[in-house]
Amino acid sequence: MAEAAPSDQHSVGLVTAESEDFPGPFPLASGESLPAYRLVYECYGTLNADRSNALLICHALSGHHHAAGYYDLEDPKPGWWDTAIGPGKAIDTNRFFVVALNNLGGCHGSTGPTSLNPATGRPYGPDFPTVTVPDWVNAQAALANRLGIERWAAVVGGSLGGMQALQWALSYPDRVGATVAIASTPRLSAQNIAFNEIARQAITADPDFREGRYLEAGVVPTAGLRLARMLGHVTYQSDDGLREKFGRAVRTGDLDILQDVQFQVESYLQYQGKSFSRRFDANTYLLMTRALDYFDPARAYGDDLVATFAAMKAKLLLISFTTDWRFPSARSREMALAALRAGREVSYVDVDAAQGHDAFLLPVPRYLEVLGTYLQGLEPSP
Amino acid sequence: MTLRPDLKLIAAMVPEGARVLDLGCGDGALLAWLAEHRGVRGYGIEIDEGQITRCIARGVSVLERDIDEGLSDFPTDGFDVVVMAETLQAVRKPGTVLEHMLRIAPRSIVTFPNFGHWRCRLELASAGRMPIARHLPHAWHDTPNIHLCTFADFEALCAERSLTIYDRKVVNAHYESAWAMNHWPNLFGTIAVYGLSRPGA
């Protein structure tokens, strides 16, 4: 358990990652199965006596289990959702026992393409099976069982994480009290899939990709990963947000003689791409974007979103951001109305924010107030 | 929890266990009261950020949405009652909204302030200025009320669109009823609660 860092009473403080190993075979939606797998996770807060205050955090494309707190006192950056998770924060660890994990197929410790395939003794690489959002939820349920959590007070996630929160309410209707899906969508648009495909092409076209067996060759397709991340990053921002941050500011060179000009936004994107390519696995990126593309829970309900929400039992909070053009407000509004038609308890908030899709990770005051107020209203037994 | 007097009048017209849509639900007080006392399952539509948070705090289902952007995606007969309290005068197309309300549910309950009240008439006639009163507290240039009307205007609109008025309660600014306003509602009533049903119903 975390000790509070002396500097910040709203931080979960120092945290450590834990892991659980599960025996296989673990059946996947694709028909394949995993022989055995490991999930790494972190916990913040305290599970109450009747285990009714557990809250699951589902991560997005590039996320992982380190959602809040610091690993050591020299750690320069806290977990990826530290703005929302902590004592007295929107996801209040004084009330909730918060669990965050790295999904199956990830590259931060859970079994994924960089893990050794027991059948070959070599890294899975491109042989790692296709995993879907429902597969992730099944693995998360296995972790919940291991932790003795029969029912989540809430399952919370943004973007791809929101899809998992929705899927939880479908796959395990009796095990979820509330579903919170932020900046999410019930399915990707053709434009979304197109962006993902360009990112995948950038990776697979890199000569160092070696048909996915780059680890065995001792290389990394960094150029492809960089490009994929730069493209993704632009789609997570809004035009206004980029303008506010960079405008047409020039970093190097001279616009008057048009020599060696580099705009601020270019160096920013290059930095984002570079740092991402150092810490993320290319096969995981391919796998995660595929999971995004395939997500379409209404397919099993005759493409009827109302019937989809009717199959849930959880109450819902849906949040969108006005400048998010990746998963725009209209998608969340569509889900809210379908949930209403299905008779679900549902609230929907469209937060005015300039930061685009990425707003879900940022300290946008109204967003965090709504999230905190909603979770405050959930009554886990004391 | 005690209910604001105008909401009490509305609540009295909502049947037990009804499915209620509240357009411009404010802080959700009506829906919360109906859920607790009448077993009503309701949804609020609201545009004000602070009010939306208050709805969420009291556990009321609320969707952030501008009524002026339309109600066409709400299901026909999806509800038993649609309520709109003190909001009609602030929407861009009151007639269209009323028609949608009676498409979404067979019954609607509508309240709005009366611009035909004698004080308003006197203010306009004597001072030649737009009236400001307890039930109409805004200056003309800074008011959300873009479609003020009198009870007579409203009833004329209902007649024009063949909407049936099955109930009407007229009260003063303290939400009390009295002899004079029952006889001359358009002169002495400040707020009216109308029960509407579909054409021919």
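Structure shown above.
Attention here is on the structure that accompanies the text. It should be emphasised that the depicted structure is a prediction, and the values quoted were computed from it without experimental measurement.

### Some thoughts on the overall build of chain A
Right, on to step 1. Each helix and strand in chain A was counted, giving 11 helices and 14 strands.
Right, on to step 2. Taking 21 Å as the expected radius of gyration for a compact globule of 382 residues, we find that chain A reaches 21 Å, a close match to that expectation.
Right, on to step 3. Based on the C-alpha atoms only, the size of chain A along its principal axes is roughly 70 × 50 × 50 Å.
Right, on to step 4. Classification of the 382 residues of chain A by burial places 58% in the buried group.
Right, on to step 5. Taking all contacts inside chain A whose residues are at least 6 apart in sequence as the whole, residues at least 24 apart take part in 71%.
Right, on to step 6. Only carbon and sulfur atoms are counted for the fraction: they give 51% of the accessible area of chain A, which is about 15500 Å².
Right, on to step 7. Averaging the locations of the 32 positively and 42 negatively charged side chains of chain A gives two centres separated by 3 Å.

### Considerations on the nonpolar core
Residue and element names in this part refer to chain A.
Right, on to step 1. Grouped together as the largest cluster of nonpolar side chains are 178 residues, with contacts concentrated most on Trp-81, Ile-91 and Tyr-367.
Right, on to step 2. It is helix α1 (residues 133-146) that provides the largest number of residues to this core, a total of 8 residues.
Right, on to step 3. For Trp-81, the contacting residues outside a window of four places in its chain are Ile-57, Ala-67, Ile-91, Val-156, Ile-182, Phe-360, Leu-361, Tyr-367 and Leu-371.

### Describing unusual backbone geometry
Right, on to step 1. Of note, the bond from Gly24(A) into Pro25(A) is cis; its omega dihedral lies within 30 degrees of zero at -10°.
Right, on to step 2. Considering the arrangement of structural elements, one finds Pro25(A) in strand β1 (residues 18-27).
Right, on to step 3. A positive phi is found at Arg51(A), a non-glycine position, where the angle reads about 55°.
Right, on to step 4. Examined against the element boundaries, Arg51(A) turns out to sit in the loop between β2 (33-44) and β3 (54-58).
Right, on to step 5. Its relative accessible area of 40% is what places Arg51(A) among the partly exposed residues.
Right, on to step 6. Of note, Ser162(B) is a non-glycine position whose phi angle comes to about 55°, a positive value.
Right, on to step 7. Assignment of secondary structure puts Ser162(B) in the loop between α6 (151-160) and β6 (164-171).

### With respect to the packing of helix α5 (residues 222-236) of chain A against helix α7 (residues 264-279) of chain A
Residues and elements named next belong to chain A.
Right, on to step 1. The N-to-C vectors of α5 and α7 enclose an angle of 125°; their axes lie 8 Å apart at closest approach. One way to sum up the angle between α5 and α7 is to call them oblique. Our pair here, α5 against α7, has a crossing hand that is right-handed. Contacts from Thr-222, Leu-225, Arg-226, Arg-229, Met-230, His-233 and Val-234 of α5 reach α7 at Tyr-268, Leu-269, Gln-270, Gln-272, Gly-273, Lys-274, Phe-276 and Ser-277.
Right, on to step 2. Grouping the amino acids of the contact of α5 with α7 by side-chain chemistry returns 6 nonpolar, 6 polar and 3 charged.

### Thoughts on empty space enclosed by the protein
Residue and element names in this part refer to chain A.
Right, on to step 1. Enumeration over the complete set of coordinates arrives at 2 cavities of 30 Å³ or more.
Right, on to step 2. Roughly 40 Å³ of volume is contained in the largest cavity.
Right, on to step 3. Forming the boundary of the largest cavity are Leu-61, Phe-195, Asn-196, Ala-199, Leu-231, Gly-232, Thr-235, Tyr-236, Tyr-285, Thr-289 and Arg-326.
Right, on to step 4. For the lining of the largest cavity, the elements supplying multiple residues, two or more each, are α3 (190-204), α5 and α8 (282-294).
Right, on to step 5. Top element by residues in the lining of the largest cavity is α5. It accounts for 4 residues.
Right, on to step 6. The calculated volume of the second largest cavity comes to roughly 30 Å³.
Right, on to step 7. In this structure, the second largest cavity is lined by Asn-117, Thr-120, Arg-122, Pro-123, Tyr-124, Asp-127, Arg-213 and Glu-216.
Right, on to step 8. In terms of residue class, the lining of the second largest cavity is made up of 2 nonpolar, 2 polar and 4 charged.

### Examining the pairing of β1(A)
Residues and elements named next belong to chain A.
Right, on to step 1. Note: β1 against β2, 8 bridges, orientation antiparallel. Within the sheet, the bridge partner assigned to Ser-19 lies in β2 and is Val-40.
Right, on to step 2. Once β1 ends, the chain turns through 5 residues before running back antiparallel as β2, passing Gly-31 with a positive phi of about 100°.

### Concerning the environment of Phe295(A)
Residue and element names in this part refer to chain A.
Right, on to step 1. Looking at the element boundaries, Phe-295 is found in the loop between α8 and α9 (305-310).
Right, on to step 2. Looking at Phe-295, the relative accessible area reads 3%, which means it is buried.
Right, on to step 3. Measuring from C-alpha to C-alpha, the distance between Phe-295 and Gly-157 comes to 15 Å, with 138 residues separating the pair along the chain.
Right, on to step 4. Those residues in contact with Phe-295 that lie beyond four places of it in its chain are Val-133, Met-163, Gln-167, Thr-185, Pro-186, Arg-187 and Leu-188.

### Quick look at the interface of chain B and chain A
Right, on to step 1. Of the residues lining the interface, 19 residues belong to chain B; the matching set on chain A comes to 20 residues.
Right, on to step 2. Note on chain B versus chain A: buried area summed over both sides is about 1700 Å², and carbon and sulfur give 56% of it.
Right, on to step 3. Residue Glu49(B) is joined to Arg366(A) by a salt bridge in which the shortest nitrogen-to-oxygen separation is 3.8 Å.
Right, on to step 4. Joining chain B to chain A, the criterion identifies 11 residue pairs in polar contact (both at pLDDT 80 or more).

### Thoughts on the packing of aromatic side chains
Right, on to step 1. For the structure on display, the rule yields 20 aromatic pairs over all chains.
Right, on to step 2. Relative to Trp81(A), the ring of Trp80(A) has its centre 5.6 Å away and its plane inclined at 5°; by these criteria the two rings are stacked. Of the two residues, Trp80(A) and Trp81(A), neither departs from the other in class, the shared state being buried.
Right, on to step 3. Their ring planes at 50° and their centres at 4.7 Å tell us that Phe112(B) and Phe154(B) sit as a pair that is tilted. You can see Phe112(B) sitting in strand β5 (residues 107-113) and its partner Phe154(B) sitting in helix α6, a full 42 residues away along the chain.

### Overview of the layout of surface pockets
Right, on to step 1. One number sums up the size of the largest pocket: a volume of about 1200 Å³.
Right, on to step 2. Along the walls of the largest pocket sit 42 residues, with Lys77(A), Trp80(A), Arg229(A), Arg279(A) and Leu361(A) positioned nearest its centre.
Right, on to step 3. Sorting the residues of the lining of the largest pocket by element identifies α5, α6 (239-245) and α7 of chain A as the ones contributing at least two each.
Right, on to step 4. At 5 residues, α7(A) tops the list of elements feeding residues into the lining of the largest pocket.
Right, on to step 5. By volume, the second largest pocket is sized at about 800 Å³.
Right, on to step 6. Every element with two or more residues in the lining of the second largest pocket is listed here: α1 (5-11), α2 (29-38) and β2 (41-46) of chain B.
Right, on to step 7. When the residues that make up the lining of the second largest pocket are grouped by side-chain class, the tally is 14 nonpolar, 8 polar and 10 charged.

About the criteria used
Residues numbered from 1 in each chain as written. Chains lettered and ligands numbered in written order. Predicted model: local features only at pLDDT ≥ 70, side-chain atom pairs only at ≥ 80, totals over all residues. Heavy atoms only, no water. Helix = DSSP H or I, 4+ residues; strand = E, 2+ residues; numbered from the N terminus. Rg over C-alpha atoms; globule rule 2.2 N^0.38 Å. Buried < 20%, exposed > 50% of the residue type's maximum accessible area, 1.4 Å probe, protein only. Contact = heavy atoms within 4.5 Å. Areas by Shrake-Rupley, 256 points an atom, 1.4 Å probe, with all protein chains shown as cover. Lys, Arg positive; Asp, Glu negative; His and termini not counted. Charge placed at Lys NZ, Arg CZ, Asp CG, Glu CD. Core = buried A, V, L, I, M, F, W, Y, C linked by side-chain atoms within 4.5 Å. Axes fitted to C-alpha atoms, helices over the stretch in contact; angles between N-to-C directions. Parallel < 35°, antiparallel > 145°, perpendicular 65-115°, else oblique. Left-handed = near helix turned anticlockwise from the far one by under 90°. Nonpolar A, V, L, I, M, F, W, Y, C, P; charged D, E, K, R; others polar. 1 Å grid on protein atoms, 1.4 Å probe; cavity = no way out; pocket = protein on both sides within 12 Å on 5 of 7 lines; lining within 4 Å. Points joined across faces, edges and corners; volume = space filled by probe spheres on them. Pairing = 2+ DSSP bridges. Buried area = accessible area lost by both parts, 1.4 Å probe. Salt bridge = Lys/Arg side-chain N within 4 Å of Asp/Glu carboxyl O. Polar contact = N/O pair within 3.5 Å; in protein donor to acceptor, adjacent residues only side chain to side chain. Phe/Tyr/Trp six-rings, centres within 6.5 Å; stacked < 30°, edge-to-face > 60°.

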